[in-house]
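Each chain, letter by letter, is given below.
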Amino acid sequence: MRLDCEHERWIELDPSTTALACIDFQTDFIVAGGMAASRGLPFERLAAALPAAQRVLAAARAAGLFVFHTREAYDSDLSDLNAFRREHDPIIGAPGPLGRFLVRGEAGTEIVPSMAPRAGEPVIDKAGFNAFFHTTLDLVLRTRGIRTLLFIGYTTQCCVSSTLRAAVDHGYACVLLHDCCAAFDPADHEASVRVMYAENHNFGWVSDAARVERTLAAVHQG
C-alpha cells in the first residue's frame, strides 16, 4: 500500500511489517490536574493532538497493524535515572497531583485512557527519552518482522525524535505523523518536523492522520 507524504514523497507500506509507535501518551502530560499543568506548561498544546492520534490508533488496529506503546517511567528509588538527569531534572520523582512524576505505578505515569493499550499491545517502559535504550523494543519488533514505524506521541522534539533517530540507526524506515505529535512550544515541534526533511529526508518521511486513515481504510476494506 502507498502512503502519501509531505513534499510530494510517498512510501510503500506492508501492513504485516509496519507498526504504530505510540510514544508517551502519559496522563501527567495532558490533563488539567497533571504535572505539566502544575508546572505551568501549556498542556493543552499536547492534548490538541489527541483526536488525530486516536483516529490513527483506531485505523491501525482495524487494519491489523502491530501497535506498541512507550512510557518514560523510573523505578521508585530512581536507581535507573542517569546522573545527568538526576542533577539537571529534579522534577523526576517529585510529588505531583497525580503522584510522583514519571515513577512506575503512579497514576500520572499511566497512559491516558483514550490511548490505552489493548491486550497484546506491548508497553515499553524506558528510563530515558529513547525507547530503544536498555529495553527489549528492538527484539520485540524484529521478532515480528517489523521494518517500518509510524510515529505518534509526545513530545515531538524529545521522546518522539529520540526514539525515531534510534530507530533509523537500528535500520527501520520511519514516518512521523506531524498532527499526531506535539510539543509544549510549537517552534520545537515545527523544527523537529523540518529536520525530517534535512539532507534529502535523512530521517524518513512526514505524513498526517488523514493520509494514514485513507491508506489503512483501503487495507481494512480489502
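Residues numbered from 1 in each chain as written. Predicted model: local features only at pLDDT ≥ 70, side-chain atom pairs only at ≥ 80, totals over all residues. Heavy atoms only, no water.

**Quick word on the packing of helix α7 (residues 156-169) against helix α8 (residues 186-201)**
Part 1: Two elements in contact, α7 and α8, have axes separated by 9 Å at closest approach and are oriented at 20 degrees. The angle between α7 and α8 falls in the class roughly parallel. Facing α7, whose interface residues are Thr-156, Gln-157, Ser-161, Leu-164 and Arg-165, α8 presents Asp-188, His-189, Ser-192, Val-195 and Met-196.
Part 2: Here the residues of the contact of α7 with α8 sort into three nonpolar, five polar and two charged. (Axes fitted to C-alpha atoms, helices over the stretch in contact; angles between N-to-C directions. Helix = DSSP H or I, 4+ residues; strand = E, 2+ residues; numbered from the N terminus. Parallel < 35°, antiparallel > 145°, perpendicular 65-115°, else oblique. Contact = heavy atoms within 4.5 Å. Nonpolar A, V, L, I, M, F, W, Y, C, P; charged D, E, K, R; others polar.)

**Examining the nonpolar core**
Part 1: Ranked by size, the top nonpolar core spans 47 residues in total, and within it Leu-20, Phe-25, Met-115 and Ile-152 carry the most contacts.
Part 2: Broken down by element, the residue count for this core peaks at eight residues, all from helix α4 (residues 50-63).
Part 3: When sequence neighbours within four positions are dropped, the list of residues in contact with Ile-152 reads Leu-20, Ala-21, Cys-22, Ile-23, Phe-25, Ala-53, Val-56, Met-115, Leu-177, Cys-180 and Cys-181.
Part 4: Membership of the second largest hydrophobic core comes to 29 residues, among which are Leu-141, Ile-146, Val-160 and Tyr-197. (Core = buried A, V, L, I, M, F, W, Y, C linked by side-chain atoms within 4.5 Å. Buried < 20%, exposed > 50% of the residue type's maximum accessible area, 1.4 Å probe, protein only.)

**Some details on the side chain of Ser-161**
Part 1: Mapped onto the secondary structure, Ser-161 falls in helix α7.
Part 2: Apart from the residues within four sequence positions on either side, Ser-161 is in contact with Thr-155, Thr-156 and Ser-192.

**Focus on the environment of Gly-99**
Part 1: On the secondary structure map, Gly-99 appears in strand β6 (residues 99-100).
Part 2: For Gly-99, a relative accessible area of 17% corresponds to the buried category.
Part 3: Spatially, the C-alpha atoms of Gly-99 and Gly-34 are 9.1 Å apart, while their sequence positions differ by 65 residues.
Part 4: If sequence neighbours within four positions are ignored, Gly-99 has contacts with Met-35, Ala-94 and Glu-106.

**A look at the pairing of strand β4 (residues 66-72)**
Put simply, side chains in a regular strand alternate between the two faces of the sheet.
Part 1: Summarising burial for β4: seven of the seven residues are buried, a large majority.
Part 2: Here strand β3 (residues 18-23) pairs with β4 via five bridges, running parallel. Looking at the pairing, Leu-20 lines up with Val-67 of β4.
Part 3: Where β4 and strand β7 (residues 123-126) come together, four bridges link them in parallel fashion. (Pairing = 2+ DSSP bridges.)

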